[in-house]
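Close look at the chain arrangement
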Amino acid sequence: MGTEAHAFLRDLARGLKPRSDDLAEVVLQHLRSELPEVWQHEDIAALAPVALSEHLDTVLDFIERGRELSEVTTPPAAIDFACRLAEHGVQISELLRVYRLVHAGLFHLFHEETGRLTKDPVLLNAVTITLSALGFEYVDRTAQQAVAAYQSARDRWLQRRLITINEAGTRIGTTLDTTRTAQELADVGTDHLADFVTVDLLDAVFCEEVTHPAEGPPLLRRIAQSVSDSSIGGTDPAVAPGLRHSYPEESEPAVVLATGQPLRLGITAADAPTWLTGPAEAGCGSDTGGTHSMLLVPLWARGNPLGLAQFSRGRTAESFDDDDLLLAQEISSRAAVNIDNARRYTQERRTALTLQRSLLPQHVPEESAVETASRYLPSGTRAGVGGDWYDVIPLSGARVALVVGDVVGRGLQASATMGRLRTAVRTLADIDLTPDELLTHLDDVVIRLQRAEQRGMDEISATCLYAVYDPVSRVCSLASAGHVLPAVVTSGDAATSRAVAFPEVPIGPPLGLGGLPFETAQFELDQDSLLVLYTDGLIESRARDVDSAIAILSDVLAHAPESLEETCDGLLDALLPGRPADDVALLVARTRALDADHVATLDLPSDPVVVSEARAFASDLLAAWGLEEMTFTTELVVSELVTNAIRYGKSPIQLRMILESTVTCEVSDASGTAPHLRRARTFDEGGRGLLLVAQLTERWGTRHNREGKVIWAEQVIPSALAEQSHYTFDGV
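Presented here is a report on the structure given in the accompanying data block. The residue count restarts for each chain, going from 1 along the sequence in the order it is written. Since the coordinates come from a predicted model, pLDDT governs what is reported: local features require at least 70, and pairs of side-chain atoms require 80 or more to be given and counted, while whole-chain, interface and lining totals use all residues. Computation of side-chain values: all heavy atoms of the structure, hydrogens and water removed.

1. Considering the overall build of the protein chain
- Helical segments are the DSSP runs of H or I of at least four residues, strand segments are the runs of E of at least two, and each set is numbered from the N terminus. Of the regular secondary structure elements, the protein chain holds 18 helices and 22 strands.
- A burial count over the protein chain gives 50% of its 732 residues as buried.
- Contacts were defined at the residue level, with two residues in contact if any of their heavy atoms lie within 4.5 Å. Partitioning the intrachain contacts of the protein chain with sequence separation of at least 6 by distance along the chain shows that 71% fall at a separation of at least 24.
- When the accessible area of the protein chain is evaluated, it comes to approximately 34,400 Å², of which 51% is carbon and sulfur surface. Only protein chains enter the accessibility calculation, which uses a 1.4 Å probe. A residue is then buried if its area is under 20% of the maximum for its type, exposed if over 50%, and partly exposed in between. Using a 1.4 Å probe, accessible areas were evaluated by the Shrake-Rupley method; residue-level cover was limited to the displayed protein chains.

2. What about the pattern of salt bridges?
- Here a salt bridge means any side-chain nitrogen of Lys or Arg lying within 4 Å of a carboxyl oxygen belonging to Asp or Glu. With the rule as written, the count across this model stands at 27 salt bridges.
- Residues R313 and D324 are paired through a salt bridge, measuring 3.6 Å at the closest nitrogen-oxygen approach. Highlighted residues: R313 in strand β6 (residues 304–313) and D324 in helix α10 (residues 322–359), separated in sequence by 11 residues. The pair R313 / D324 is uniform in exposure class, with both members buried.
- Here R590 ties to E371 by a salt bridge, and the two come within 3.1 Å at their closest N and O atoms. Of this pair, R590 sits in strand β17 (residues 584–591) while E371 sits in strand β7 (residues 370–377), and the two are 219 residues apart along the sequence.
- Each of the salt bridges in this network shares a partner with another, and the network as a whole consists of R302, D340, R343 and R344.

3. Remarks on the sheet that holds strand β16 (residues 530–534)
- When DSSP finds two or more bridges between two strands, those strands count as paired. Taken in spatial order, the five strands of this open sheet run β7-β17-β16-β12-β13, and their pairing is antiparallel. Looking along the sheet, the strands with just one partner apiece sit at the ends: β7 and β13 (500–501).
- Examined bridge by bridge, strand β12 (residues 487–489) and β16 share three bridges and lie antiparallel to one another. Each bridged residue has a counterpart across the sheet, and for A487 the counterpart in β16 is V532.
- Sheet strands in contact with helix α14 (residues 564–575) are β7, β16 and β17, and its direction is about 35° off that of β7. Lines fitted to C-alpha atoms define the axes here, with helix axes fitted over just the stretch in contact, and angles between the N-to-C directions of these axes take values from 0 to 180 degrees.

4. What about the nonpolar core?
- By size, the foremost hydrophobic cluster in this structure holds 55 residues, and its most contacted members are W389, L402, L421, L439, L442 and Y466.
- Counting residues in each nonpolar core, the second largest holds 53 residues, with V27, L52, I63 and A126 among its members. Only buried Ala, Val, Leu, Ile, Met, Phe, Trp, Tyr and Cys residues count toward a nonpolar core, and they belong to the same one when joined by side-chain atoms within 4.5 Å.

5. Describing the packing of helix α11 (residues 412–430) against helix α12 (residues 435–452)
- At a closest axis distance of 10 Å, the pairing of α11 and α12 adopts a crossing angle of 145°. Our pair here, α11 against α12, has a crossing hand that is right-handed. Mapping the contact onto sequence places R420, L421, A424, V425, L428 and A429 in α11 and L438, H441, L442, V445, V446 and L449 in α12.
- Each residue gets one of three labels, nonpolar for Ala, Val, Leu, Ile, Met, Phe, Trp, Tyr, Cys and Pro, charged for Asp, Glu, Lys and Arg, and polar for the others, Gly among them. The residue makeup of the contact of α11 with α12, split by class, is 10 nonpolar, one polar and one charged. Crossing handedness is read from the near helix: turned anticlockwise from the far helix by less than a right angle, it gives a left-handed crossing, and turned clockwise, a right-handed one.

6. Overview of the packing of aromatic side chains
- Pairing of aromatic rings covers Phe, Tyr and the six-membered ring of Trp, with a centre-to-centre limit of 6.5 Å; geometry is then stacked below 30 degrees between planes, edge-to-face above 60, and tilted otherwise. The tally for this structure, following the rule as stated, stands at one aromatic pair.
- When the centroid spacing of 6.0 Å and the interplanar angle of 85° are considered together, the rings of Y247 and W275 count as edge-to-face. With Y247 in the loop between β3 (244–245) and α8 (252–259) and W275 in helix α9 (residues 274–277), this residue pair connects regions lying 28 residues apart in the sequence.
- Residue classification places Y247 among the buried positions, given a relative accessible area of 7%.

7. Quick look at the layout of surface pockets
- In this structure, the largest pocket spans a volume of roughly 840 Å³.
- Only β10 (462–470), β11 (475–481), β19 (653–659), β20 (662–669), β21 (699–705) and β22 (708–716) provide two or more residues apiece to the lining of the largest pocket.
- Per-element accounting of the lining of the largest pocket gives the leading share, four residues, to β20. Cavity: a set of points on a 1 Å grid over the protein atoms alone where a 1.4 Å probe fits but cannot get out. Pocket: an open set with protein on both sides within 12 Å along at least five of seven lines, its lining residues, like those of a cavity, having an atom within 4 Å of a point. Grid points are joined across faces, edges and corners, and a volume is the space filled by probe spheres set on the points.

8. Focus on the pairing of β19
- With respect to burial, β19 is a largely interior element, six of its seven residues being buried.
- In this sheet, β19 lies alongside strand β18 (residues 599–604) in antiparallel orientation, the contact comprising six bridges. In the sheet register, T601 faces β19, and the bridge partner there is R656.
- In this sheet, β20 lies alongside β19 in antiparallel orientation, the contact comprising six bridges. For M657, the partnering residue across the bridge sits in β20 and is C665.
- Where β19 folds back onto β20 in an antiparallel hairpin, the turn is made up of two residues.

9. Observations regarding empty space enclosed by the protein
- By the definition in use, this model includes two cavities of 30 Å³ or more.
- Space inside the largest cavity adds up to approximately 350 Å³.
- If you go around the largest cavity, you meet 25 residues; those closest to its centre are H55, V102, H103, L106 and Y138.
- When residues of the lining of the largest cavity are traced back to their parent elements, those giving at least two are α2 (20–34), α3 (42–65), α4 (76–87), α5 (92–117) and α6 (121–171).

So this is what it looks like as C-alpha cells:
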C-alpha cells in the first residue's frame, strides 16, 4: 500500500503543477488574514508571493520525483523572506508560524484534492499518512535552513546597529559645544538612518537664568540639520537654521516634546500635517519635500526636555520601522546627554569666566612708579577657567606692588579661591609687609582655607610672585612662592635689541605647604626697564619645551615696541598662536624713576627742639614745589609725626618728603613699636595727634623694615595747585 500511496502522490503532484499559482494564492490569502502585522512591511509583502510560489514548486517537485530529503534546499526567495523578517525585527516565532501555516494550508489543499480523486478509504488513509510524513520532513528541513538564514541576518543587523551606535558614541560629543554636538547627531542620522535630519532645541536651553515656562507652545531654535548625499538638492527645510519657531499645541512634535515619547509617522501628500510645511513667517517651504516617513524623537537628559530630533525619509523608498525608531532613540538619547553636558559646561564656564574677570582689576590705576599693560586669557580646553590673576597695588612712599599668581584647579572653585587670595594679598600689602613676610602670611591663609573646607593641599594650592618697586631708589624687591620668575628688559631704544635677563631669585614652595621659608631678593632697575610677570600657561605647551618658549619670549622682548599694549599682543601671538591649553595672566610694567627734585630728606636728632626745624624744612620745600597753600596742614602733620618719633622712637630719625600725585610725609626711626589711633578722654593731655593726622590727610600708616619703622601720611594735591606747580613727575 505504501508503493501505491507514493505513486498516487506523484500523479497528484504532476496534476497540481499547472495550478500551482492558484494554490499559492489561496495559501497566501490565509497567511494575510492570520499574520496582518507581517504584511505591514512593503518589501515583505512584495516578496511573500514569490517565496510561497517557489516553496510550492519545490514541494511538488519533491513529491513528484520522490527525491531524498537531503537533496531538498530552501528556495532562495524563502531565504530572502526570512532575512527580511530578521532585518525588520520580526520575531523568529513569527517565521516559524509562517512555516506552520503554509504547511497546514498545503496539507489541507492536498487532502482535498486526494479526496476528490479517490474514494478508497484504505488508499486515502495511506496517502494521508505518507503526505503528513513527507510534509513534516520537508518543513523541518526547510525551516531549519530558513532559521539559520534568519539568525545570520539578525546577527548582521544587530552588528550593523551596534556599529552604528558605537560610531554615534565616537562621533557625537567630541566637543563641549552645543551646536557642534547637535550637528554631529544630524550627520550620524543621515549617514545611517535617514535622508534628512533636523535638531531643534528649546530656546530656554540657551538661557543662563532659570525662567518660568511661558504660556502657549514652547519656543524652539533650529540649530542643526543634515541631508544625506543621495538626497542633496531634494529637501527644502521647513525652518531655516538659526531661526526660532514653535509647533501647534496639539501637533505631533508638541506632544512628543511634552510627553517625552517618540513617534513614528507615515506621511502622504494628501494628509501632510501643516506643521511639516511650516508657517510662512518662519521662512518655510510650501510642501513636504517628498517626505513619506518620519521619526520624532524627544531629546531628554536628566529628566528635563532639551528639544526634538526629526528623522525623515523621502528618497529612500522604505519607510521607518520600529527598529529604526529604537535606533534613533538610542543615538538621540546619547546626543541629548552630550548636549546637556555641553550646555552645563558652557554655562559654568561662562559663569566662572565672568567671576574670574570680575575679580581681576577692571581698570589698572595709573601709577607714577610704573606704566603697565596686562592680559588675561582663559583656557581653551574642556578643563575650564582656571585661577590665574594679576594685580597692581599702590603702596606708600610712591612704591607699587606687582602681583601675579596661579591657583591650582579649574572652574568656579578655582575662581573663588583666586578672589580670596587676591583680596588677602591686597589686605596684606596694605600693611606694607616685605615680600617674603607677605607670602608667609598668604601661605597661612591657604592652609586655613584647606582646614576650613576640609580639602587637601592638592585641591587648594597656588603659586604667587610678589614684587615691590620703589621709584626713589629704583630697587625692586620680590619673592616667589613656587611661581615662574619674571623677565627683566633693560632700557634702550626700541629700534635696537635690548638685553633680557631672568633674575636669580630663590623660588620658595607653593602656597599651602606650610613650614618652609620664603626669601626676598633685591636688584636695581634702570629707568624705562621692563618687568614682565606671567603665569606658566604662557610658556608651557605640549608642542615645545619650556626652554624653547623662554627663548621665544626673550626674542620678542628684546625687540619690544614702545607701546606696552603692543608688547603684550606680540608675546601672545608668538607664544600662543592658538587657544591656550591653560589660563594665562600677563603683566608688563615699565619702570620710572623719581626725579631728585621730588624727594627731600632731613636727618633729625632725638631732641624736641628740632620739631620747628622740621616744620621750616617742610614749609620751604612746599614753597619750592609751588604748593604754599598746603603749608599749614603739612606743618601740622610733620610736627605730629616728628614729635612722636622723638618721644617714643629711637635714633636715627629722618624726615622724608615725596612729591608725586600726592605729597607724602615720612618719618622713620629705629624703633619697632608702631603708634595706634585712639580716642582721647576729655582731660587727657595727649592722644590727639594721630587723630588730627588721620583727619587732615588722605591716608596714613606704618610700615616696618629691617632698620625700624616708617610712619607716613599722604595728602592729595588739589587740581588747581597741580596745574600751577611747575613740577611734574619724571616720565609722566
